Amino acid sequence: MELYIPCCDASLPMVKVNSYLFSVLWPEVTVNYLGFKKPDFNLYSDNHFFHSLAPEQAGGSSKWTRYIYNFLKNISDSHIIFSLDDYLLCTRPDYEMLKIAQEFCKNNPKVGRFDLTFDCQVEGDIYPIKKIKNHQISVKHPK
């Protein structure tokens, strides 16, 4: 499973920070940065890639998701890990929990998102369905 991180020209310094953190804390993962202007620095790992979505970002912040959608609809993966450029990796991932999340999503085709952070912000009611180690898998029901 590959990781995808969108960015914009103004946040390219975050790509450099992310590339360093992922190369140190999660060197096995392939990281794909989805942006516009190619960075003027090298990424820290051979399995980190920058994909230019367009020569420039037209439409500003209100249109950024269309670029991501147009890119992701052409990849072959059925499941991905998606993050944001300002979510900084601060420790090695829990590989056991990642495997559980992968299997859970593959076995439950209605799952649209599996939040791997401790600070998820969702609207609607959250219902716990399974406890694994110190983590709770919950289902979100919209309002």
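All of these numbers come straight from a predicted model, not from anything done at the bench. (Residues numbered from 1 in each chain as written. Predicted model: local features only at pLDDT ≥ 70, side-chain atom pairs only at ≥ 80, totals over all residues. Heavy atoms only, no water.)

**Re the overall build of the protein**
And step 1. In terms of helices and strands, the protein carries three helices and six strands.
And step 2. Each helix and strand of the protein, placed in order from N terminus to C terminus, yields the pattern β-α-β-β-α-β-α-β-β.
And step 3. The 143 residues of the protein split such that 30% are buried. (Helix = DSSP H or I, 4+ residues; strand = E, 2+ residues; numbered from the N terminus. Buried < 20%, exposed > 50% of the residue type's maximum accessible area, 1.4 Å probe, protein only.)

**With respect to the pairing of strand β2 (residues 31-35)**
Where a strand is regular, its side chains alternate between the two sheet faces.
And step 1. Judged by how many residues are buried, β2 sits mostly within the fold: five of five residues are covered.
And step 2. Residues of β2 alternate between two faces, with Val31, Tyr33 and Gly35 on one and Asn32 and Leu34 on the opposite face, all of them buried.
And step 3. Pairing analysis gives four bridges linking strand β1 (residues 3-6) to β2, with the strands arranged parallel. Its bridge partner lying in β2, tyrosine 4 is registered against asparagine 32.
And step 4. Read from β1 through helix α1 (residues 12-25) to β2, the crossover connection turns out right-handed.
And step 5. Looking at chain direction, β2 and strand β3 (residues 48-52) are connected through five bridges and run parallel. (Pairing = 2+ DSSP bridges. Right-handed = clockwise from strand over helix to strand, strands pointing away.)

**Looking at the pattern of salt bridges**
And step 1. Evaluated as defined, the whole model comprises two salt bridges.
And step 2. Salt-bridge contacts for arginine 92 lead to glutamate 28; the nearest nitrogen and oxygen are separated by 3.3 Å. Of this pair, arginine 92 sits in the loop between β4 (81-82) and α3 (95-107) while glutamate 28 sits in the loop between α1 and β2, placing them 64 residues apart in sequence.
And step 3. Judged by relative accessible area, arginine 92 falls into the partly exposed class, the value being 38%.
And step 4. Its salt-bridge partner being glutamate 103, residue lysine 99 comes within 3.7 Å of it at the nearest N-O pair. Here glutamate 103 and lysine 99 lie together in helix α3, a separation of four residues that amounts to about one turn.
And step 5. On the basis of relative accessibility, which here comes to 32%, the residue glutamate 103 falls in the partly exposed class. (Salt bridge = Lys/Arg side-chain N within 4 Å of Asp/Glu carboxyl O.)

**Quick look at the packing of aromatic side chains**
And step 1. One pass over the structure, following the stated rule, counts four aromatic pairs.
And step 2. On the basis of an interplanar angle of 85° and a centroid distance of 4.8 Å, the ring pair of phenylalanine 36 and tyrosine 67 is categorised as edge-to-face. Here phenylalanine 36 is found in the loop between β2 and β3, whereas its partner tyrosine 67 is found in helix α2 (residues 64-72), with 31 residues between them in sequence. Tyrosine 67 matches phenylalanine 36 in its accessibility class, with the two residues each being buried. (Phe/Tyr/Trp six-rings, centres within 6.5 Å; stacked < 30°, edge-to-face > 60°.)

**Looking at the environment of alanine 58**
And step 1. Tracing the chain through its elements places alanine 58 in the loop between β3 and α2.
And step 2. Given the relative accessible area of 36%, alanine 58 is considered partly exposed.
And step 3. Setting aside anything within four residues of it in sequence, one finds alanine 58 in contact with Lys63, Arg66 and Tyr67. (Contact = heavy atoms within 4.5 Å.)

**Quick look at the sheet that holds β4**
And step 1. An order of β3-β2-β1-β4 is seen for the four strands of this open sheet, with the pairing classed as parallel. Unpaired on one side and paired on the other, β3 and β4 mark the two borders of the sheet.
And step 2. Across two bridges, β1 lies against β4 in parallel orientation. By the bridge assignment, tyrosine 4 is partnered in β4 with phenylalanine 82.
And step 3. Its contacts with the sheet place α1 against β1, β2 and β3, and it is angled at close to 175° to β2.
And step 4. Packing against the sheet, α2 makes contact with β1, β2, β3 and β4, and its axis sits at approximately 155° to β1. (Axes fitted to C-alpha atoms, helices over the stretch in contact; angles between N-to-C directions.)

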